[in-house]
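Observations on the model geometry
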Amino acid sequence: MSERIQSYEEFWPHYLREHRNPSSRRLHFVGTTGWLAACAASAVTAPLTFPAAMAGFAALAAHGTKKGEGEKPALGHIAGMVALPTLASPVFFPAGVVFAYACAWGGHFGLEKNKPATFQYPLWSFVSDLRMWSHMVRGQLWSGDPIEELGLEGGARTEAKSNGAQPVVPT
C-alpha cells in the first residue's frame, strides 16, 4: 500500500488528478447539487430538528478536518455526519447521500476508471467535492484539465482567487 497523504494541501491536487475527466466532474456536480437539494427539502420538512442535526454535522466536519486524515480515515466523524441528519430527516437526507454517491461513483468507475478517494480519505474527499462544486458554480472546471485551470503544479497550491487577485503560494 502506498504512503498516506499527510495534509489537505497535498490532498487537493491529488483529488483533482482523480477527476481529470470533465464528464466525471459534471456527474459530481449533479450529485452534490442533488444532495444540497435533499438538505433543503430536509430543512423544510423538519424545520426544528434538521438544522440542529446539521449543526452537529458541521461540528463533526470541522473537528475531523482539523484533526486530519494523514494517519487514518476519519470514519467515526463520517458516521456521525451521516447519522445525525438521517435521524432528523430519515427520507430526504439519506436519499440525497445515495444520489450523490451514485453520481460520483458512476463517474469514477464508469468514466475515470479509478477508485474513489473517499474510500481512503472520506472527510477530505467530502470537503474537496464541495470545493470542486463551488468552482463549478463560478464557471470553472467544466472542461479541460483541472490542475492546469487552477494553476496547481505537483503538491504546491497556487490556486488563483476568484476575485482576480494574484495566486496564493504557501511558504
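Residues numbered from 1 in each chain as written. Predicted model: local features only at pLDDT ≥ 70, side-chain atom pairs only at ≥ 80, totals over all residues. Heavy atoms only, no water.

**Side note on the overall build of the protein**
Looking only at helices and strands, one finds seven helices and zero strands in the protein. Its helices and strands in sequence order give the protein the pattern α-α-α-α-α-α-α, from N to C terminus. Per-residue burial over the protein gives 42% buried out of 171 residues. Nonlocal contacts in the protein, meaning residues at least 24 apart in sequence, comprise 73% of its contacts between residues at least 6 apart. Roughly 8,900 Å² of accessible area belongs to the protein as shown, and the carbon and sulfur atoms make up 65% of that amount. (Helix = DSSP H or I, 4+ residues; strand = E, 2+ residues; numbered from the N terminus. Buried < 20%, exposed > 50% of the residue type's maximum accessible area, 1.4 Å probe, protein only. Contact = heavy atoms within 4.5 Å. Areas by Shrake-Rupley, 256 points an atom, 1.4 Å probe, with all protein chains shown as cover.)

**Notes on the packing of aromatic side chains**
One pass over the structure, following the stated rule, counts 18 aromatic pairs. Ring centres 5.3 Å apart and planes at 55 degrees place the aromatic pair Y101 and W105 in the tilted group. Taken as a pair, Y101 and W105 lie in helix 5 (residues 92-112) at a separation of four residues, close to a single helical turn. Among the residues examined, W105 registers a relative accessible area of 31% and is labelled partly exposed. (Phe/Tyr/Trp six-rings, centres within 6.5 Å; stacked < 30°, edge-to-face > 60°.)

**So, the side chain of E69**
Note on placement: E69 falls in the loop between helix 3 (49-67) and helix 4 (75-88). A distance of 2.8 Å separates the side chain of E69 from the backbone nitrogen of W124, its partner in a polar contact. If sequence neighbours within four positions are ignored, E69 has contacts with R4, I5, A74, Y121, P122, L123 and W124. (Polar contact = N/O pair within 3.5 Å; in protein donor to acceptor, adjacent residues only side chain to side chain.)

**Section: the environment of H108**
Within the fold, H108 resides in helix 5. Exposure remark for H108: the relative accessible area of 2% places this residue in the buried category. Separated by 81 residues in sequence, H108 and L27 have C-alpha atoms that sit 9.5 Å apart. Apart from residues lying up to four places away in sequence, H108 is in contact with E18, H19, S24, H28, K113, N114 and P116.

**Here we look at the nonpolar core**
A general trend in soluble globular proteins is that nonpolar side chains are found buried together. Residues W35, C39, F50, M54, F57, M81 and F93 are the most contacted members of the largest nonpolar core, which totals 17 residues. Of all the secondary-structure elements, those providing two or more residues to this core are helix 2 (22-45), helix 3, helix 4, helix 5 and helix 6 (122-137). When residues of this core are assigned to their parent elements, the largest contribution, five residues, is made by helix 3. Once residues within four sequence positions are removed from consideration, F50 is found in contact with C39, S42, A43, P85, A88, S89 and F93. Core analysis: the next-biggest nonpolar cluster, separate from the first, contains 16 residues, L16, Y121, I147 and L150 among them. (Core = buried A, V, L, I, M, F, W, Y, C linked by side-chain atoms within 4.5 Å.)

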